[in-house]
Amino acid sequence: MRFFNFLLLIFICLLTACTGAYKSQEVPFRPPSAYTSMKVVAGAQIAAEAYSDAGLAKKMFGFDIRGAGLLPVQVIVDNAGEDSLQINPKQT
């Protein structure tokens, strides 16, 4: 009986450890038409925004991404055309 109680206690501790304080963070989103650099390709509106400001990049990505030597770029695609699009990961 003691062994069962011990296992139950361990199970409850593990279960509560998995329910950490995760905080959902919404990323601000603007449609491609809100950017002055927006281009239309095959009926799809495409825009990009580079986060060159270190403070804004840290706020958006949750860590010092600029300090890691990366320039984060957000690419926004709104495909209003009839054709499907495919992004080639080797070119991004």
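Just above sits the structure.
Residues numbered from 1 in each chain as written. Predicted model: local features only at pLDDT ≥ 70, side-chain atom pairs only at ≥ 80, totals over all residues. Heavy atoms only, no water.

(A) A look at the sheet that holds strand β2 (residues 44-50). Taken in spatial order, the three strands line up as β1-β2-β3 in an open sheet, and their pairing is antiparallel. The sheet terminates laterally at β1 (39-41) and β3 (73-79), the two strands that pair on one side only. Direction aside, neighbouring strands of the sheet carry axes that sit 30° apart on average. Bridge count for β1 against β2 is three bridges, and the pairing is antiparallel. Pairing of Val40 across the sheet is with Gln45, part of β2. (Pairing = 2+ DSSP bridges. Helix = DSSP H or I, 4+ residues; strand = E, 2+ residues; numbered from the N terminus. Axes fitted to C-alpha atoms, helices over the stretch in contact; angles between N-to-C directions.)

(B) Here's a closer look at the layout of surface pockets. Quantified by volume, the largest pocket comes out at close to 230 Å³. Taken together, Val41, Ile46, Val75, Val77, Leu85, Gln86, Ile87 and Thr92 make up the full set of residues lining the largest pocket. Considered class by class, the residues forming the lining of the largest pocket number six nonpolar, two polar and no charged. (1 Å grid on protein atoms, 1.4 Å probe; cavity = no way out; pocket = protein on both sides within 12 Å on 5 of 7 lines; lining within 4 Å. Points joined across faces, edges and corners; volume = space filled by probe spheres on them. Nonpolar A, V, L, I, M, F, W, Y, C, P; charged D, E, K, R; others polar.)

(C) Expanded view of a nonpolar patch on the surface. Where nonpolar side chains cluster on the molecular surface, the patch consists of Leu71, Val73, Val75, Val77, Leu85 and Ile87 and spans about 530 Å² of accessible area. In this fold, Leu71 is placed in the loop between α2 (54-61) and β3. On the basis of relative accessibility, which here comes to 47%, the residue Leu71 falls in the partly exposed class. (Patch = residues over 30% accessible without salt bridge, like charges linked within 9 Å, V, L, I, M, F, W, Y side chains within 5 Å. Areas by Shrake-Rupley, 256 points an atom, 1.4 Å probe, with all protein chains shown as cover. Salt bridge = Lys/Arg side-chain N within 4 Å of Asp/Glu carboxyl O. Buried < 20%, exposed > 50% of the residue type's maximum accessible area, 1.4 Å probe, protein only.)

(D) Focus on the pairing of β2. Linkage of β1 to β2, two consecutive antiparallel strands, is achieved through a turn of two residues, within which Ala42 is found at a positive phi near 55°. Looking at chain direction, β2 and β3 are connected through seven bridges and run antiparallel. Its bridge partner lying in β3, Ile46 is registered against Val77.

(E) Focus on the environment of Asp64. Along the chain, Asp64 turns up in the loop between α2 and β3. Classification of Asp64 as partly exposed rests on a relative accessible area of 40%. Counting along the chain gives 10 residues from Asp64 to Ala54, while the straight-line C-alpha distance between them is 7.3 Å.

(F) Spatial organisation of the side chain of Gln74. Position of Gln74 relative to the elements: it lies in strand β3. Engagement of the side chain of Gln74 in a polar contact is seen with the side chain of Tyr51, the distance being 2.9 Å. (Polar contact = N/O pair within 3.5 Å; in protein donor to acceptor, adjacent residues only side chain to side chain.)

(G) The packing of aromatic side chains, seen in detail. Here the structure, examined in full by the defined rule, presents one aromatic pair. Aromatic side chains Tyr51 and Phe61 sit 5.9 Å apart centroid to centroid with 80° between the ring planes, which places their arrangement in the edge-to-face category. Here Phe61 lies in helix α2 and Tyr51 lies in the loop between β2 and α2, a separation of 10 residues in the sequence. What makes Tyr51 buried here is its relative accessible area of 5%. (Phe/Tyr/Trp six-rings, centres within 6.5 Å; stacked < 30°, edge-to-face > 60°.)

Function-wise, these values are silent; they only describe arrangement.
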